[in-house]
Amino acid sequence: MEGDLASSSVGKRHDLALGVERLGLISLRFPWLVALAALALAIAAGFGLMRLKVDDSLSQLFRSNTPEFRQYEEVTQKFPSSEFDVLAVIEGKSLLDRDSLEKLRDFVTDVQLVDGVGGVISLFSARQPPEGGHTPAPLFPETLPEGADYDALVKRVMSNEIIRGKLLSEDGKLALVVIALDPNIVGGKGLETTVGEIRKTMAGDLAGTGLKAELSGVPVMQLEIRTAVERDRLVYNVTGFIAGCLIAILFFRRVSFMIIAAGPPLLAILFALGALGWLDFRLNMFLNVMTPLIMVISFSDSMQLTFAARDRILAGQSKLEALRNAILIVGPACVLTHATAALSFTALLFSTSDLIRTFGEAGLVATLIALFTVLLVLPLLGMLLLGHEASLAVVGRRGDFGVEALRGFCFWIAARMVKRPGLYSLVGLLVVAALGGVFVNLQPRYHLADQVPDKEQAVSASRSLDAKLTGSNPIDVLIEFPKGASLYAPETLEVIAKIHAIVERQPGVGNVWSLETLRRWLRDKLGDSSVATLQKYVDRLPEHLTRRFIDAKQDAVVVSARVPDVDASKLLPTVESIDHSLQGLRAEYPGYKLSVTGLSAISARNSAIMIGKLTRGLTIEFFFVAAFIGLAFRSVVVALACVLPGIFPVVASGALLAATGQGLQFASVVALTVSFGLGLSATIHFLNRLRIEADSGEDYALAVERATVLVGPALIMTSIVLACGLAVTVLSNLPSLRLFGWLSAFAMMMALTADLLILRPTAMFLRRTADALARRRAARVG
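Residues numbered from 1 in each chain as written. Predicted model: local features only at pLDDT ≥ 70, side-chain atom pairs only at ≥ 80, totals over all residues. Heavy atoms only, no water.

S.K.: Go over the nonpolar core with me, naming the residues and quoting the values.
M.R.: One finds Leu104, Phe107, Ile179, Leu293, Phe359, Ile479 and Ile499 to be the most contacted residues of the largest nonpolar core, which totals 217 residues. Here this core gets 15 residues from one element, more than from any other, and that element is helix H27 (residues 666-695). With residues near it in sequence (within four places) discarded, Ile479 still touches Val495, Ile496, Ile499, Asp555, Ala556, Val557, Val559, Tyr592, Lys593 and Leu594. (Core = buried A, V, L, I, M, F, W, Y, C linked by side-chain atoms within 4.5 Å. Buried < 20%, exposed > 50% of the residue type's maximum accessible area, 1.4 Å probe, protein only. Helix = DSSP H or I, 4+ residues; strand = E, 2+ residues; numbered from the N terminus. Contact = heavy atoms within 4.5 Å.)

S.K.: Hey, could you go over the pattern of salt bridges for me, with residue numbers and the actual values?
M.R.: Any two side chains of opposite charge can pair if their charged atoms end up close together. Tallied over the entire structure, the rule returns 22 salt bridges. Between Arg105 and Glu102 there is a salt bridge whose closest N-O contact spans 3.9 Å. Here Arg105 and its partner Glu102 are both found in helix H6 (residues 98-111), three residues apart, which amounts to about one turn of the helix. Glu102 gets classed as partly exposed once you look at its relative accessible area, which sits at 22%. With a closest N to O distance of 2.6 Å, Asp311 and Arg407 form a salt bridge. Of this pair, Asp311 sits in helix H12 (residues 290-314) while Arg407 sits in helix H16 (residues 401-419); the two residues are 96 residues apart in sequence, bridging distant segments of the chain. Exposure remark for Asp311: the relative accessible area of 11% places this residue in the buried category. With relative accessibility at 14%, the residue Arg407 sits in the buried group. (Salt bridge = Lys/Arg side-chain N within 4 Å of Asp/Glu carboxyl O.)

S.K.: Could you give an account of the environment of Phe648, naming the residues involved and the relevant values?
M.R.: Residue placement: Phe648 occurs in helix H26 (residues 636-659). When the C-alpha positions of Phe648 and Val638 are compared, they lie 16 Å apart, and in sequence the two are ten residues distant. The contacts of Phe648, once residues within four sequence positions are left out, are Val431, Val432, Leu435, Met750, Thr753, Ala754 and Ile758.

S.K.: Run through the sheet that holds strand E10 (residues 593-597), naming residues and quoting values.
M.R.: What the four strands build is an open sheet, ordered E8-E9-E7-E10; its pairing is antiparallel. Both edges of this open sheet fall to strand E8 (510-513) and E10, since each of them pairs with a single strand only. This sheet shows a mean twist of 15° between the axes of neighbouring strands, independent of strand direction. Here E8 pairs with strand E9 (residues 556-563) via two bridges, running antiparallel. Paired with Gly510 across the bridge in E9 is Arg562. (Pairing = 2+ DSSP bridges. Axes fitted to C-alpha atoms, helices over the stretch in contact; angles between N-to-C directions.)

S.K.: Tell me about unusual backbone geometry, and name the residues and values.
M.R.: Phi angles above zero are rare outside glycine, and Asp280 is one such case at about 65°. With respect to the helices and strands, the residue Asp280 is situated in the loop between helix H11 (255-278) and strand E6 (282-283). Looking at Asp280, the relative accessible area reads 53%, which means it is exposed. Despite not being glycine, Asn511 has its phi angle at roughly 55°, a positive value. Examined against the element boundaries, Asn511 turns out to sit in strand E8. A relative accessible area of 9% places Asn511 in the buried class.

S.K.: Go over the side chain of Ser744, please, and point to the residues and values.
M.R.: Of note, Ser744 is situated in helix H29 (residues 735-781). Excluding residues that lie within four positions of it along the chain, Ser744 makes contacts with Ala671, Ser675 and Leu726.

S.K.: Lay out the side chain of Thr546 with the relevant residues and their values.
M.R.: Within the secondary structure, Thr546 sits in helix H22 (residues 543-546). When neighbours within four sequence positions are excluded, Thr546 is seen to be in contact with Val538 and Leu541.

S.K.: Would you mind going over a positive patch on the surface in detail, with residue names and values included?
M.R.: A cluster of basic residues, Arg51, Lys53, Lys189 and Arg282, forms a positive patch on the protein surface. Looking at the secondary structure, you find Lys189 in the loop between helix H8 (183-186) and helix H9 (191-205). Given the relative accessible area of 81%, Lys189 is considered exposed. (Patch = residues over 30% accessible without salt bridge, like charges linked within 9 Å, V, L, I, M, F, W, Y side chains within 5 Å. Areas by Shrake-Rupley, 256 points an atom, 1.4 Å probe, with all protein chains shown as cover. Lys, Arg positive; Asp, Glu negative; His and termini not counted. Charge placed at Lys NZ, Arg CZ, Asp CG, Glu CD.)

As structure tokens, this is what we get:
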């Protein structure tokens, strides 16, 4: 009867999805042709999958076409040290023991022989004051002294202004060895081999010392990101496959239905990732969640279609009739759910971050592919796998206890919601308003370490540097000379000295290096501050060292410093303070261009702005998507009914972030934006079914109850599938992806809660209000 009602009412209503769902009928008419096309596309997608590469750049989140980022890229090209430095952090109470120093020096010597290493800076690079115009002798003699002479050496080392607080901690328990890598190694496949050899050399040379030795720095972080992304991709694919199959087999209890429900999402993953490979997208910390996202986008509608076809077969229809009616009745809602998900991804296209914009583009492509895969492949599998409909109907009716239990629960909920729709709508409004108040007060948060696996060495080593050497994150002041100005001109050296002093005095900033560092050392130890002597010693330094603070053309220099990895909101005052201190120098030396740059400066300035823009975009999206759904249904009531259920999971998730003290991060805003689009799936499927029931002449309260009973079980199961699929990302080593995963899963369950407890009474209340207004208008006209 339900199928007959559905069939007869199809032609009486406007096309909710402009007839796009009818593409699925092609598979019913030409199943083998569609099967061959799917096979060919699967083979092509397999080759595309092999083309996927990983983008492991730490600056990817802030990459944009802005003058500020272009300047940062220019600085990294002229002064590439921070991008290619591996930081070896050696820590322990026995660090300055004679045996430990001997072995540490062995490591510094041996690591220079590793293929791909361009140079090393360590406490052994320090020199004694020059005597008689000769080349300064090393601070550490070739053979370390013993007894009192060794103690005197340690005192000299601890008081050496070149290495103290820069390469050796004030307490003498931590040493930093800066290992400069060949840029070609960092960008290629040889990075893993080179870093592995450095680890092996470090472990071998320092064995038996009791010292803790770890690696950090941008190349190590990039390698750990690359490894984590590749690992996560495997975990997500395998876990998503197993989860989808298990839920489908438990729900339908037949292998054929399991394949019909789980097959299209799995193929959608293959097709989408293959397309991304052919389109030259690169996997990064956000694109890596594309697998579970495709799974949840497509699995939700796949379950709805399979459930609808199964119900019609249980009612006695043939598989052809059942699949056709499922496509015509449920298909429009499937198209609309994919459209709202696509709109959520479209909202990300307006971000200034290339990373987030690329994620939006990839999500848009994946959503479209998922839609067409579900519409075409699911009926194909149904035609190929289903048979013996009569026996299935008899067995299904006898063993449908789980579904009937869910239907009973759904009826219990619906019956209560429609009795007092005004009261429940008011409660829903008050709850959303209260949670919204918490949400709008969330503060932006950003940590560079959130992009890096936190269970690996790089983060641990960086924390040690934060504690003992003021941090490992670079912040630079770029000094560009006016045309014709010389590096060794008195005015240039004066500018460098003043900026060096400004940065050095800034609280929270340390490890300051520039040409002024060498100039001060020559003045204090040699008593010679002449330009000729300075130039002579600069020429003697290795090129990999001078290029850290002097451009190859000698028309620009940097004053480089380090800051700890603190929240961007705490770092921003430091950046602004330095920039403010430069204002006087800009006026005093108008020909010199002075800029505070570096990844730390960019993240501090841009993170709060970018997160704020994303949040405002999400707020606009609430009402834009509600209007879109209302337009699709040709109903103002539907548009208004979507608002509270759509907002609730977002503000509830925001309240959870506030309760856990996490604030709004990039991953959380993106998670909420995507979850908003995905969470409306249940809303759309219910409204689509309610439209059918209401159009059949049912009392509206009964229509709400019947629509809830008919689609409720599938909505509950698909919401669980959505939450489980997104929760898989909590297995990641990347903190940002873990946050994305659990927050998205929580938002999906809140979306189900809103669908059951807010949407139904709100739709009922708005419909009664609209009917009452219509009667009043009619009475006035009469």
